Amino acid sequence: MDLSERLRHPLFGLIRDAAERKKIPVYVVGGYVRDLLLRRPSPDIDCTVVGDGIGLSREICREIGRETGEEPRLQVFPEFGTSRFRHDGLEVEFVGARKETYTPGSRKPQVEPGSLEEDLMRRDFSINTLAVSLNQKTFGQLTDPFGGLDDLERQTIRSHRDPDQSFAEDPLRMLRAIRFASQLYFDIDPDTFAAIERNAACIGTLSAERIRDELDKLILSPKPSYGFKLLDAAGLLPAIFPELTALKGVEKRNGKAHKDNFEHTLEVLDHVAYAQGDLWLRWAALLHDIAKPRTKRFEEPKGWTFHSHEFVGAKMVPGIFRRFKIPADEHMRFVMKMVELHLRPIILAEDIVTDSAVRRLVFEAGNDIGELMTLAKADITSKNREKVARYRNNFVIVERKIKEIEEKDRIRNFQPPVSGADIMEYFGIPPCREVGIIKDRIKDAVLDGSIGNDREQAWAMMLRIGKELGLKEGAGLQAAQAPPLPPASRPSE
Ligand code: ATP
Ligand code: MG
């Protein structure tokens, strides 16, 4: 097969010419070739060099420097015989062809220089063993020693060597199999899948970072439920995400059953993926009902309830993130906020949609209101079409109201028109309970719409509440005008 037409990036020409001068065989391999054949974008280019890869990459960087005036910075790892540089938004890596041998009982392979075929052999799945020549005479020709092209056509993830051995060497490959299946919507070959089931227990030895990388890629796939169902079917889920396993199952009492929260969660995640939700909104979807097992009760006459699962769930997020070594940053806070607020638009849509309820929601969600609405809409998964239609309809009303209120009151980044500092200064009081009371009541009044979002009305209200609380009007202003205390009587000076 000739793929020269698809190797249009000028970089490939540069590699070809440098390899010609140095007389070394060089191939683009692995994921890049797979994605080239699938016509998917691929930001990293891996090249295998049968010989001195570092020397060749130096030559290429110099050439890029001559042509563009900007020589890429080459990172070299002599002990691994690898080097890499960034160019034109691409991460380009050169590796000397190598063969790996594992001694039983040891995870660390012995690595020695090898042929192209030996290099392709050590890779994880047949679809990742394809190589395309970048040398002058054979430019664009495909090498496919392990049936990778067939598997691409059959849309199958298959280990081209003994899968038990491969997974024992590196258990991450089991997760990679499922992640690729989910990203590409491929099947997993039955023998390969059976080996994942057999080796599932080894998954515990992987580092949190490696698991998290795969999980993020899986979550970002077009239909992530597929990947999660495979993780579950293969028996990998309890070890990496026990909270999700706990969502599984339906309990029935007195003729009343609740829905399977695992199925439901995955459906919500798929909806968010379909709506192009980003990684963090997808995490929020995955975790939105995570506390349902912990909060489940059976209460007659209602049946199953999950009181406060949104608050308990939000509190579970930091522990889960910590386990995956995901930083506790603004993304985590976003996920917590989404989990905590996820029911609010639904509750709102169940009732008559009042301005003040919408204003409160916009105030609490702030700039994330759009994403919260996406999540809430995704959360409607009832089998009852009529119910779904009714909710959808009410959401349209909620969204219209949000827009109206935004334009009218600009609540989104709302700061109460009278601040704590104003209150303290006017009444001449230190930070205390009264300041909080006045502030909250003004905020509530604005959100309820009983006063407008403006300073004059808020100021009048402050005076009124101050009076109720027995504060002395204008006391602070008088103090500010009084002569300063003599230096000797000032405390701590
Ligand atoms: P993606 O870039 O989408 O994560 P990829 O297949 O390109 O997928 P990389 O991690 O970029 O994955 O690795 C490049 C190539 O290296 C793979 O195509 C595969 O041939 C090989 N490879 C990567 N990880 C492993 C592994 N754990 N075991 C065996 N081979 C691997
Ligand atoms: Mg890659």
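Attention here is on the structure that accompanies the text. (Residues numbered from 1 in each chain as written. Chains lettered and ligands numbered in written order. Predicted model: local features only at pLDDT ≥ 70, side-chain atom pairs only at ≥ 80, totals over all residues. Heavy atoms only, no water.)

**Some remarks on the sheet that holds strand β9 (residues 142–143)**
The strands making up a sheet are joined through hydrogen bonds of the backbone, oriented either antiparallel or parallel. Pairing within the open sheet is mixed, and its seven strands lie in the order β3-β4-β5-β2-β1-β8-β9. Bordering the open sheet on either side are β3 (75–77) and β9, each of which pairs with just one other strand. Docked against the sheet, helix α2 (residues 31–38) engages β1 (26–29), β2 (44–49), β8 (131–133) and β9, running at close to 65° with respect to β1. (Pairing = 2+ DSSP bridges. Helix = DSSP H or I, 4+ residues; strand = E, 2+ residues; numbered from the N terminus. Contact = heavy atoms within 4.5 Å. Axes fitted to C-alpha atoms, helices over the stretch in contact; angles between N-to-C directions.)

**Overview of the packing of helix α22 (residues 420–427) against helix α24 (residues 455–468)**
At a minimum axis separation of 12 Å, α22 and α24 run at an interaxial angle of 50°. As the angle between them shows, α22 and α24 are arranged oblique. The two elements α22 and α24 cross, and the hand of that crossing is right-handed. Across from D422, I423, Y426 and F427 in α22, the residues of α24 making contact are R455, W459, M462, L463 and G466. In terms of residue class, the contact of α22 with α24 is made up of six nonpolar, one polar and two charged. (Parallel < 35°, antiparallel > 145°, perpendicular 65-115°, else oblique. Left-handed = near helix turned anticlockwise from the far one by under 90°. Nonpolar A, V, L, I, M, F, W, Y, C, P; charged D, E, K, R; others polar.)

**Things to note about helix α23 (residues 433–448)**
An α-helical turn contains 3.6 residues, so any two residues separated by three or four positions project in the same direction. In this model α23 runs 22 Å from its N-terminal to its C-terminal C-alpha over 16 residues, within 8% of the 22 Å that 1.5 Å per residue would give. Listed in full, the buried residues belonging to α23 are V435, I438, I442, A445, V446 and L447. With its phi angle positive at about 85°, G449 sits one or two positions after the end of α23. (Expected span 1.5 Å × (residues − 1). Buried < 20%, exposed > 50% of the residue type's maximum accessible area, 1.4 Å probe, protein only.)

**A short note on the site of ligand 1**
Taken together, 15 residues lie near ligand 1, and G31, R34, D170, R173 and K217 sit nearest. The separation between an oxygen atom of ligand 1 and a polar main-chain atom of G31 is 2.9 Å. D170 is positioned with one of its side-chain polar atoms (N or O) 2.9 Å from a nitrogen atom of ligand 1. Here ligand 1, which alone exposes 580 Å², has 78% of that area covered by the protein. When residues of the shell around ligand 1 are traced back to their parent elements, those giving at least two are α2, β2 and α7 (172–184). Top contributing element to the shell around ligand 1 by residue count: α7, with four residues. In terms of residue class, the shell around ligand 1 is built from one nonpolar, three polar and eleven charged. (Near = heavy atom within 4 Å. Polar contact = N/O pair within 3.5 Å; in protein donor to acceptor, adjacent residues only side chain to side chain. Areas by Shrake-Rupley, 256 points an atom, 1.4 Å probe, with all protein chains shown as cover.)

**Regarding unusual backbone geometry**
With an omega of 0°, the peptide bond running from E300 to P301 counts as cis. Within the secondary structure, P301 sits in the loop between β14 (297–299) and β15 (303–305). Positive phi is not limited to glycine here, since Q276 has a value of about 65°. For Q276, the position within the fold is in the loop between α13 (261–274) and α14 (279–287). Given the relative accessible area of 68%, Q276 is considered exposed. Its identity as a non-glycine residue notwithstanding, S308 has a phi of 65°, on the positive side. Structurally, S308 is set in the loop between β15 and α16 (309–323). The exposure class assigned to S308 is partly exposed, which follows from its relative accessible area of 37%.

**Here's the deal with the side chain of E59**
With respect to the helices and strands, E59 occurs in helix α3 (residues 53–68). Within polar-contact distance, the side chain of E59 engages the side chain of R21 at 2.9 Å.

**A short note on the nonpolar core**
Counting residues in each nonpolar core, the largest one holds 117 residues, and the members touching the most others are F228, F241 and W283. Residues within four places of F241 in sequence aside, it is in contact with L215, W283, L286, L287, I320, R323 and F324. With 18 residues, the next largest nonpolar core counts Y426, A458, M461 and M462 among its residues. (Core = buried A, V, L, I, M, F, W, Y, C linked by side-chain atoms within 4.5 Å.)

**A look at the pattern of salt bridges**
What the rule picks out here adds up to 39 salt bridges. A salt bridge links E63 to R21, with the nearest nitrogen and oxygen atoms 3.6 Å apart. On the criterion of sequence distance, the pair formed by E63 in helix α3 and R21 in helix α1 (residues 10–22) is long-range, its members being 42 residues apart. Salt-bridge contacts for D422 lead to R455; the nearest nitrogen and oxygen are separated by 2.9 Å. (Salt bridge = Lys/Arg side-chain N within 4 Å of Asp/Glu carboxyl O.)

**A closer look at the packing of aromatic side chains**
Scanning the model with the defined rule gives twelve aromatic pairs in all. Seen from their ring centres, F125 and F167 are 6.4 Å apart, and the 55° between their planes marks the pair as tilted. Taken together, the positions of F125 in the loop between α4 (116–121) and β8 and F167 in helix α6 (residues 163–169) put the pair 42 residues apart, joining distant regions of the chain. The two residues F125 and F167 agree in class, both being buried. Among the aromatic side chains, those forming a connected cluster through ring pairs are F241, W280, W283, F321 and F324. Of note, K248 hangs over the ring of F262, and the distance from its end group to the ring centre comes to 6.0 Å. The residue whose ring lies beneath R323 is F241, and the NZ or CZ to ring-centre distance is 5.9 Å. (Phe/Tyr/Trp six-rings, centres within 6.5 Å; stacked < 30°, edge-to-face > 60°. Lys NZ or Arg CZ within 6 Å of the ring centre and 35° of its normal.)

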